[in-house]
Amino acid sequence: MTSDAATCFSDQDRAWMQRALALAEHARDAENEVPVGAVLVDAEQNVLGLGWNRNITLHDPTAHAEIVALRAAGEKLGNHRFPGSTLYVTLEPCAMCAMALVHARIARVVYATTDPKTGAAGSVFDTLVSERHNHRIKVESGLLADVSATMLREFFRSRR
């Protein structure tokens, strides 16, 4: 896993993370959800799926941004595997999302800010790169982390 300081993210990476941040804002503003957004793109930079947290709205504990994006991609492609794809997400994936990403054969995950309580991409667990799985995902972190962390912090502060 690498961080923003150590990685030269491309302009495309930055643009996709900006899109994920816009989806996080939508989750917060339109659905009063925890502001997390995700964009799944293929190797040619085509959008496969978009997602934002919807677990409160849908009464579904699995409706995290990553899962919503994977479901959209599955419907679009008629498949459950997305080799060569990159997921941009504003918060480090949890264990549930991380395993879904492994099963979907995602090639790369770029996330903004860490989740020190439940992160499964290096913070608490190393699920995405575990040698126990038959598929490992390249993980890069820290892209626009300050923007995402601030959005999350302000969201939770406003609810206290």
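Residues numbered from 1 in each chain as written. Predicted model: local features only at pLDDT ≥ 70, side-chain atom pairs only at ≥ 80, totals over all residues. Heavy atoms only, no water.

To continue, consider helix H4 (residues 95-103). When H4 is considered as a whole, its buried residues turn out to be Cys97, Ala98, Leu101 and Val102. Looking straight down H4, one finds its buried side chains confined to an arc of 140 degrees; they lie on one side. Looking at the buried positions of H4, the neighbouring elements they touch are helix H3 (65-77), strand S3 (86-91) and strand S4 (108-113). One or two steps after H4, the chain reaches Arg105, where phi turns positive at roughly 65 degrees. (Buried < 20%, exposed > 50% of the residue type's maximum accessible area, 1.4 Å probe, protein only. Helix = DSSP H or I, 4+ residues; strand = E, 2+ residues; numbered from the N terminus. Arc of directions from axis to C-beta. Contact = heavy atoms within 4.5 Å.)

This next bit is on the pairing of S4. For a regular strand, side chains alternate in direction, first toward one face of the sheet and then toward the other. Of all six residues in S4, six are buried, a share of seventy percent or more. Bridge count between S3 and S4: five bridges; the pairing is parallel. Looking at the pairing, Leu87 lines up with Val109 of S4. Sheet topology note: the S4/strand S5 (residues 138-141) ladder contains four bridges and is parallel. Counterpart to Val109 in the pairing with S5 is Val139. (Pairing = 2+ DSSP bridges.)

Residue placement: Thr127 occurs in the loop between S4 and S5. Sequence spacing of Thr127 and His26 is 101 residues, and the spatial spacing of their C-alpha atoms is 28 Å. Those residues in contact with Thr127 that lie beyond four places of it in its chain are Ala98, Met99, Val102, Ala120 and His133.

Mapped onto this structure's residue numbering, the UniProt feature "domain: CMP/dCMP-type deaminase" (unreviewed entry) falls at residues 11-125. Between the end C-alpha atoms of residues 11-125 the distance is 29 Å, and the span holds 41% helix and 20% strand. (UniProt positions renumbered as here; feature names shortened; annotations may be inferred.)

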